[in-house]
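What follows is each chain in one-letter form.
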Amino acid sequence: MNWDRAEVFTARLPARVLATALEGMGMALLQSVNDRSWAEPNAAERAAVAALVALGMDPDRVATVVGAVQCSAESASSALTAEAEAHA
């Protein structure tokens, strides 16, 4: 899928510049979690929101996307746990 054509992200910066900026921001967010200066229980969710907004996604849509990913991850985790228990 071509995200630009889907109009999910705005085009305020060239893709290469945006990618470089987001890489730096991502590393800074990870460092904040690793050095425990950002110790909230939902730090990963908030980092995902910050990254998507920085990419240019509409902030109203970000909550929907992050929520959908969390539900998918929780379902996958539950399925893997059930499968592991069935084989134990």
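Residues numbered from 1 in each chain as written. Predicted model: local features only at pLDDT ≥ 70, side-chain atom pairs only at ≥ 80, totals over all residues. Heavy atoms only, no water.

1. Things to note about the overall build of the protein
(1) Moving on: Scanning the protein from N- to C-terminus turns up 3 helices and 0 strands.
(2) Moving on: In sequence order, the secondary structure elements of the protein are arranged as α-α-α.
(3) Moving on: Among the 88 residues that make up the protein, the fraction classed as buried is 11%.
(4) Moving on: On the protein, roughly 6800 Å² of surface is accessible, and the fraction owed to carbon and sulfur atoms is 59%. (Helix = DSSP H or I, 4+ residues; strand = E, 2+ residues; numbered from the N terminus. Buried < 20%, exposed > 50% of the residue type's maximum accessible area, 1.4 Å probe, protein only. Areas by Shrake-Rupley, 256 points an atom, 1.4 Å probe, with all protein chains shown as cover.)

2. What to know about the packing of helix α1 (residues 15–34) against helix α2 (residues 43–55)
(1) Moving on: Here α1 crosses α2 at 165°, and the two axes come no closer than 10 Å. Comparing their axes, α2 and α1 come out roughly antiparallel. Where α1 crosses over α2, the handedness of that crossing is right-handed. Here Leu 18, Leu 22, Met 25, Leu 29 and Val 33 of α1 come into contact with α2, specifically with Ala 43, Ala 47, Ala 50, Ala 51, Ala 54 and Leu 55.
(2) Moving on: A breakdown of the residues in the contact of α1 with α2 according to their chemical character gives 11 nonpolar, no polar and no charged. (Axes fitted to C-alpha atoms, helices over the stretch in contact; angles between N-to-C directions. Parallel < 35°, antiparallel > 145°, perpendicular 65-115°, else oblique. Left-handed = near helix turned anticlockwise from the far one by under 90°. Contact = heavy atoms within 4.5 Å. Nonpolar A, V, L, I, M, F, W, Y, C, P; charged D, E, K, R; others polar.)

3. Side note on the confidence of the model for the protein
(1) Moving on: For the protein, per-residue confidence averages 77 on the pLDDT scale, and 74% of positions sit at 70 or higher.
(2) Moving on: The spread of mean pLDDT over the elements of the protein runs between helix α3 (residues 59–87), the lowest at 75, and α1, the highest at 85.
(3) Moving on: With pLDDT under 50 throughout, residues 1–5 is counted as low confidence; its partners more than four residues away or in other chains account for 3 contacts. (pLDDT = per-residue confidence, 0-100.)

4. Quick look at α2
(1) Moving on: Here α2 contains 13 residues, and its C-alpha end-to-end distance of 18 Å stays within 8% of the 18 Å for a straight helix at 1.5 Å per residue.
(2) Moving on: Within the span of α2, buried status applies to Ala 43, Ala 47 and Leu 52. Buried residues of α2, viewed axially, fall in a sector of 165°; they line one side.
(3) Moving on: Looking one or two residues past α2, Gly 56 carries a phi angle of roughly 110°, positive in sign. (Expected span 1.5 Å × (residues − 1). Arc of directions from axis to C-beta.)

5. A word on unusual backbone geometry
(1) Moving on: Unlike most non-glycine residues, Arg 36 shows phi in positive territory, near 65°.
(2) Moving on: The class of Arg 36 is exposed, set by a relative accessible area of 71%.

6. Describing the environment of Ala 63
(1) Moving on: Along the chain, Ala 63 turns up in helix α3.
(2) Moving on: For Ala 63, a relative accessible area of 54% translates into the label exposed.
(3) Moving on: C-alpha separation for the pair Ala 63 and Glu 45, spaced 18 residues apart in sequence, amounts to 9.6 Å.

7. What to know about the environment of Ala 51
(1) Moving on: Looking at the secondary structure, you find Ala 51 in helix α2.
(2) Moving on: Residues Ala 51 and Leu 29 lie 22 residues apart in sequence; the distance between their C-alpha atoms is 9.4 Å.
(3) Moving on: Once residues within four sequence positions are removed from consideration, Ala 51 is found in contact with Leu 22 and Met 25.

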